[in-house]
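Letter by letter, the chains look like this.
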Amino acid sequence: MPSSAAAAAFSVGSSATHGPHQVAHRFISTGLPWKAANVVGLPSGPLNVVAGAASPLWLRSIPVCGVAAMAAGAVASSLVTSSAVVAVASTTFACAGAGLCLSHAAIPVVASRRQTIAKRDDEKGMGGSNAMWGGRFADGPAAVMREINASIPFDKRMWRQDIAGSQAHVAMLGDRGIVGRDDVATIAAGLAAVAEDYAANGVPVDLDLEDIHMMTESRLADRIGAVAGRLHTARSRNDQVATDFRLWVRDAIDDVIAALGDFQDALLTRAEEHADAVMPGFTHLQSAQPVTLGHHLMAYHEMIARDVSRFVDARARMNRCPLGSAALAGTGFPIDRDATAAALHFDGPTRNSLDSVSDRDFAIDYLTAATQCSLHLSRLAEEFVLWASQPFGFVALSDQWSTGSSIMPQKRNPDAAELVRGHAGRIMGCLTALMVMMKGLPLAYSKDMQDDKPPVFEAHDLIGLSIAAMTGMVASATFRTDRMRALAMSGFATATDLADWLVRAADLPFREAHHVTGRAVKRAEELGIGLDGLSLDELTAIDGRIDARVYDVLSVDASVASRTSFGGTAPANVRAAIRAARETT
């Protein structure tokens, strides 16, 4: 994806005028940044101060409303490198998952929530019951029940998907004659107005309304009156949330694929620059054989290509619409599920109503792909941490991706890479949390499934930051190829080339050639020189079948140039792999 297109896709929360320091700040501040869309007002009443994990989840996820908070929330981050602007952090990479972070500064909580709720209920004449579903209840839920039952603090993140699903549903109801045309037009216009309000002012949080579905219906009723009640004809919140969540995950997958495309571009650019640069290849973190830096970077391109394929597969598998499955058994209304599926750009409707409302495979698929991707990012991050250390000295990370020490003035720490490495563990934890939650649930819907969204939101925020950070680091890093070459020439890295030469030129079995080469390595080690420093007399004393032609294969340049098998490290191979990758992406 071109950087301009990526910037447009990630238009909320990012700006090309901000540099990598802002993204780095998002890593080193232990929580993720708050967004203006999360700013809400709190109920009136005396306030206590509660910090971290001691505060309720719904309050830990919502920053306190205020001019300063809204101004701060309006500023987010992007990456600026010497070669390109790396766009990051769309609305779906925004931090609705901040409520899962335990290290935000203390924020106020309401100490008198019971009195506030009771007062509100009395004013509404509800007698304490819920306006949306409380017909059979004489009393409303306890204050703590309202808090544990409410998902609006985090599922408000799906407001765009909720509006889109409702628009498709009401249009279908009109087409099927289930709701009158005038009412359909009124509802559609009302939904558009609610969407404009959400976009401008964010989604308010009211625990009485529980979730984004009831919040939207309530806001709609405030605008158009009782006709809003027709919107929920022939659907349940069970199929509604299943639809919203699929739409959200589908959008999230598209964002990740675009971000990974930018990362692949950065890898290709740097690999092409260093297709000939010799470096040591390692096994067991011991010098093994010479390779090129370009070949090494292209290994990560291969990993990311597999990650992209996993996200693509997950998207294709999930692209069926559950809307119309209702609570669990379908509906007796003459709805057209194919129409709503098409309107929402699904490939078709899901085929079993029980499975439709209880399936969260799509979320687990997404987290599985994100987890595997985070492992690959973590491996490269680990190499950058090692390479930036003085014993290696292979890379210098730019100031944009480094931090200092509060006590040691000389320090230059690769904190962004370390945090990418750390984020992988958190993303794995999100996958584990969702799988454990789902493993014992009977059909169909259970309230446990309300907790399906926070781990997905958190993982998405983390994978978005991690991809953006690694893209910036790869694009702006200074690779010290002279140091790489010097270390490639040490450690007898061309020993395998000597053994291969003995097989080809002297017709030795490989096991015998391996033994002869081992003796040559031992002699070079005794003399404190490389294999190519051994004289011909020294070599022939080890094995008389060695002749002067052997020196043609003992240099590191000759070694890498000889690795011409498909997928090998020869510079010509690396350039061919880069060309092929560009043709397919």
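Our structure is the block above this text.
Rules used throughout
- Residues numbered from 1 in each chain as written.
- Predicted model: local features only at pLDDT ≥ 70, side-chain atom pairs only at ≥ 80, totals over all residues.
- Heavy atoms only, no water.
- Helix = DSSP H or I, 4+ residues; strand = E, 2+ residues; numbered from the N terminus.
- Buried < 20%, exposed > 50% of the residue type's maximum accessible area, 1.4 Å probe, protein only.
- Contact = heavy atoms within 4.5 Å.
- Pairing = 2+ DSSP bridges.
- Phe/Tyr/Trp six-rings, centres within 6.5 Å; stacked < 30°, edge-to-face > 60°.
- Lys NZ or Arg CZ within 6 Å of the ring centre and 35° of its normal.
- Core = buried A, V, L, I, M, F, W, Y, C linked by side-chain atoms within 4.5 Å.
- Axes fitted to C-alpha atoms, helices over the stretch in contact; angles between N-to-C directions.
- Parallel < 35°, antiparallel > 145°, perpendicular 65-115°, else oblique.
- Left-handed = near helix turned anticlockwise from the far one by under 90°.
- Nonpolar A, V, L, I, M, F, W, Y, C, P; charged D, E, K, R; others polar.

Colleague: Outline the environment of Leu441, supporting the account with residue identities and numerical values.
Modeller: For Leu441, the position within the fold is in the loop between helix H16 (415-438) and helix H17 (453-476). A residue is classified by how much of its surface remains accessible, and Leu441, at 23% relative accessible area, is partly exposed. Separated by 83 residues in the primary sequence, Leu441 and Ser358 have C-alpha atoms spaced 8.8 Å apart. With near-sequence residues (within four places) excluded, Leu441 lies in contact with Ser446, Asp448 and Met449.

Colleague: Tell me about the pairing of strand S6 (residues 286-292), residues and numbers included.
Modeller: One ladder, built from 6 bridges, connects strand S5 (residues 278-283) with S6; its direction is antiparallel. Looking at the pairing, Pro280 lines up with Pro290 of S6. Remark: 2 residues form the turn of the hairpin made by S5 and S6, two consecutive strands paired antiparallel; His284 in that turn has positive phi of roughly 60 degrees.

Colleague: With reference to specific residues and values, describe the packing of aromatic side chains.
Modeller: The full count for this structure, using the stated rule, is 10 aromatic pairs. With centroids separated by 6.5 Å and ring planes inclined at 85 degrees, the aromatic side chains of Phe245 and Phe457 adopt a geometry described as edge-to-face. One end of the pair, Phe245, is in helix H11 (residues 237-273); the other, Phe457, is in helix H17, with 212 residues separating them in the sequence. For Phe245, a relative accessible area of 0% puts it in the buried group. By way of ring pairs, the aromatic residues Phe282, Phe384, Trp387, Phe392, Phe394 and Phe479 are connected into one cluster. The side chain of Arg250 reaches across the aromatic face of Phe346, ending 4.7 Å from its centre. Lying across the ring of Phe245, Lys453 places its NZ or CZ 5.2 Å from the centre.

Colleague: Now, about the nonpolar core: what can you tell me, with residues and values included?
Modeller: In this structure, Tyr366, Phe384, Trp387 and Met473 are the most contacted members of the largest nonpolar core, which totals 75 residues. Counting only elements with at least two residues in this core, the list comes to H11, helix H12 (293-318), helix H15 (361-388), H16, H17 and helix H23 (571-584). Counting residues in each nonpolar core, the second largest holds 27 residues, with Ala150, Ile152, Val170 and Val184 among its members.

Colleague: Give me the lowdown on the packing of H11 against H17, citing residues and values where you can.
Modeller: As a packed pair, H11 and H17 sit with axes 9 Å apart at the nearest point and diverge in direction by 15 degrees. As summarised for this structure, H11 and H17 are arranged roughly parallel, according to the angle between their axes. By crossing handedness, the relation of H11 to H17 is classed as left-handed. Here the residues of the contact of H11 with H17 sort into 18 nonpolar, 3 polar and 4 charged.

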